[in-house]
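This is what each chain is made of:
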Amino acid sequence: MGERKNAVRPAALTQKQRIRAGIHTVLTKRLAREIIAIVNGDSKAISDKELAHKQARVNRGKSEDLHI
């Protein structure tokens, strides 16, 4: 005869599990949006990184002028 399957019964999550699930959902959505923005070429993170790099190059040039 057929075997019985174990029925999965839904159970309420603990507060810690709910918080973790919520954070995971938010981070997953943000990461997905950022990846799409990078692919489209309009990522704020990339433009901020490029700006910081430009400022560092300018500052490096100024500091080299002071040591002459």
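Reading the values: the criteria
- Residues numbered from 1 in each chain as written.
- Predicted model: local features only at pLDDT ≥ 70, side-chain atom pairs only at ≥ 80, totals over all residues.
- Heavy atoms only, no water.
- Helix = DSSP H or I, 4+ residues; strand = E, 2+ residues; numbered from the N terminus.
- Buried < 20%, exposed > 50% of the residue type's maximum accessible area, 1.4 Å probe, protein only.
- Areas by Shrake-Rupley, 256 points an atom, 1.4 Å probe, with all protein chains shown as cover.
- Expected span 1.5 Å × (residues − 1).
- Salt bridge = Lys/Arg side-chain N within 4 Å of Asp/Glu carboxyl O.
- Patch = residues over 30% accessible without salt bridge, like charges linked within 9 Å, V, L, I, M, F, W, Y side chains within 5 Å.
- Polar contact = N/O pair within 3.5 Å; in protein donor to acceptor, adjacent residues only side chain to side chain.
- Contact = heavy atoms within 4.5 Å.

## As for the overall build of the chain
Working step 1: Per the secondary structure count, the chain includes 2 helices and 0 strands.
Working step 2: Burial analysis of the chain (68 residues in total) assigns 3% to the buried set.
Working step 3: Accessible surface, the chain as shown: approximately 7,100 Å² in total, 58% of it carbon and sulfur.

## Digging into helix α1 (residues 15-40)
Working step 1: Here α1 spans 38 Å end to end across 26 residues, near enough to the 38 Å set by a 1.5 Å rise per residue.
Working step 2: Following α1 by one or two positions, Gly41 has its phi on the positive side, about 85°.

## Re the pattern of salt bridges
Working step 1: One pass over the structure, following the stated rule, counts 1 salt bridge.
Working step 2: Note that Asp48 and Lys44 form a salt bridge whose closest N and O atoms lie 3.3 Å from each other. Placement of the pair is Asp48 and Lys44 together in helix α2 (residues 44-66), with a separation of 4 residues, close to one helical turn.
Working step 3: Judged by its relative accessible area of 38%, Asp48 falls in the partly exposed class.

## Remarks on a nonpolar patch on the surface
Working step 1: Together, Ile19, Ile23 and Leu27 line one region of the surface with nonpolar side chains, adding up to about 290 Å² of accessible area.
Working step 2: Within the secondary structure layout, Leu27 lies in helix α1.

## Some words on the side chain of Ser43
Working step 1: In this structure, Ser43 sits in the loop between α1 and α2.
Working step 2: Of note is the side chain of Ser43, whose polar atom sits 2.3 Å from the side chain of Glu34.
Working step 3: Within the local environment of Ser43, its side chain forms a polar contact with the backbone nitrogen of Ala45, the two atoms lying 3.3 Å apart.
Working step 4: Once residues lying within four places of it in the same chain are set aside, the contact partners of Ser43 are Glu34, Ala37 and Ile38.

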